[in-house]
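Structural overview for review
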Amino acid sequence: NMLGTCYRWGRGTDQDDIKAVEWYIKSSEQENSIAMNSLGVRYKNGQGCDQNSTKAVEWYEKSANLGHSNAMHNLGNCYKNGQGITEDLNQAREWYTKAVAQDHARAKVQILKCKRLHEEYKKSEEGKKLSCNKRKNKQKHNKTKRTKT
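Within any chain, residue numbers begin from 1 and follow the written order of that chain's sequence. For this predicted model, a pLDDT threshold of at least 70 governs which residues receive local features, and a threshold of 80 or more governs which side-chain atom pairs are given and counted, while totals over whole chains, interfaces and linings are taken from all residues. Excluded from the side-chain calculation are hydrogens and water; included are all heavy atoms of the structure.

**Here we look at the overall build of the protein**
Using the following cut-off: Numbering of helices and strands starts at the N terminus; helices are DSSP runs of H or I of at least 4 residues and strands are runs of E of at least 2. Burial classes follow relative accessibility: with a 1.4 Å probe on protein chains only, a residue under 20% of its type's maximum area counts as buried, one over 50% as exposed, and anything between as partly exposed. Note on contacts: a residue pair qualifies if any of its non-hydrogen atoms lie within 4.5 Å across the two residues. In this description, accessible areas are obtained by the Shrake-Rupley approach with a 1.4 Å probe, and a residue is regarded as covered only by the protein chains that are shown.
A tally of helices and strands in the protein yields eight helices and zero strands. Tracing the protein from N to C terminus, the helices and strands come up as α-α-α-α-α-α-α-α. The buried share of the protein, taken over its 149 residues, is 36%. At a minimum sequence separation of 6, the contacts of the protein that also span at least 24 residues come to 38%. On the protein, roughly 9,100 Å² of surface is accessible, and the fraction owed to carbon and sulfur atoms is 47%.

**Points about the pattern of salt bridges**
Where we set the bar: Salt bridge, as used here, is a side-chain nitrogen of Lys or Arg placed within 4 Å of a carboxyl oxygen of Asp or Glu.
With the rule as written, the count across this model stands at two salt bridges. Its salt-bridge partner being Glu 94, residue Lys 98 comes within 3.7 Å of it at the nearest N-O pair. Taken as a pair, Lys 98 and Glu 94 lie in helix 6 (residues 89–100) at a separation of four residues, close to a single helical turn. Classification of Glu 94 by relative accessible area gives partly exposed; the value is 37%.

**Some words on the packing of helix 4 (residues 53–65) against helix 5 (residues 69–81)**
Threshold: Angles shown run from 0 to 180 degrees and are taken between the N-to-C directions of axes, each axis being a line fitted to C-alpha atoms and, for helices, limited to the stretch in contact. Here the angle decides the label: under 35 degrees means roughly parallel, over 145 means roughly antiparallel, 65 to 115 means roughly perpendicular, and every other value means oblique. By definition, any crossing whose near helix is turned counterclockwise from its far helix by less than a right angle is left-handed, and any crossing with a clockwise turn is right-handed. Put simply, Ala, Val, Leu, Ile, Met, Phe, Trp, Tyr, Cys and Pro go in the nonpolar bin, Asp, Glu, Lys and Arg in the charged bin, and everything else, Gly too, in the polar bin.
For the pair helix 4 and helix 5, interaxial distance at closest approach is 8 Å and the crossing angle is 140°. The orientation of helix 4 with respect to helix 5, classified from their angle, is oblique. Between helix 4 and helix 5 lies a crossing of left-handed hand. Of the residues in helix 5, those in contact with Val 57, Tyr 60, Glu 61, Ser 63 and Ala 64 of helix 4 are Ala 71, Met 72, Asn 74, Leu 75 and Cys 78. Broken down by class, the residue content of the contact of helix 4 with helix 5 amounts to seven nonpolar, two polar and one charged.

**Focus: the environment of Cys 78**
One can find Cys 78 in helix 5. Residue Cys 78 is classed as buried on the basis of its relative accessible area of 4%. Between the C-alpha atom of Cys 78 and that of Gln 91, which follows or precedes it by 13 residues, the distance is 9.6 Å. What Cys 78 contacts, discounting residues up to four positions off in sequence, is Val 57, Tyr 60, Gln 83 and Ile 85.

**A look at the packing of aromatic side chains**
Going by this rule: Two aromatic rings, drawn from Phe, Tyr or Trp (for Trp, its six-membered ring), form a pair once their centres lie within 6.5 Å of each other, and the interplanar angle then sorts them: stacked below 30 degrees, edge-to-face above 60, tilted otherwise. Two conditions define a charge located above a ring, namely a distance within 6 Å from the ring centre to NZ of Lys or CZ of Arg, and an angle within 35 degrees of the ring normal.
Across all of its chains, the model carries zero aromatic pairs by this definition. The residue whose ring lies beneath Lys 26 is Trp 23, and the NZ or CZ to ring-centre distance is 4.3 Å. It is Lys 98 that lies over the ring of Trp 95; its NZ or CZ is 4.3 Å from the centre.

**Remarks on helix 1 (residues 2–9)**
What counts is decided by this rule: Of all possible arcs, the one meant is that of the directions from the helix axis to the C-beta atoms.
The set of residues buried in helix 1 consists of Gly 4, Thr 5 and Tyr 7. Each buried residue of helix 1 lies within a common arc of 160° when the element is viewed along its axis, so the set occupies one face. In this structure, the buried side of helix 1 is in contact with helix 2 (17–28). Just past helix 1, the residue Gly 10 takes up positive phi, approximately 70°.

Geometry only, nothing functional implied.
Now the structure itself:
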């Protein structure tokens, strides 16, 4: 994992995203949860490899199942936003809760957002599924209003 990080940031060598991915893969094959999460980030962002949200989720899940809190948070984000996996607010909350158990600060914020949106969902007249990305839903809602009038 350290060598992958050196290539990722160009520390002690030229920055090279492709080599970073190669080393993250090698470290991941050795059950290195940090490398697995880093590989998920590479796939999510298409850095050093083709962008592939489904593969990002696979690597986040492997890492999270080994107890890596950043991967738990990242996996929660994927479920929250439906990136690489079907949107599922309950699964998002579950992964955020696991990350919070390890004192992951950003996951704490996401849980609060999801709780608030879950309450809004329960109260919504239309019963539409709300995601944690309220701005995105608000834009969709405004477009629907404009087309109906």
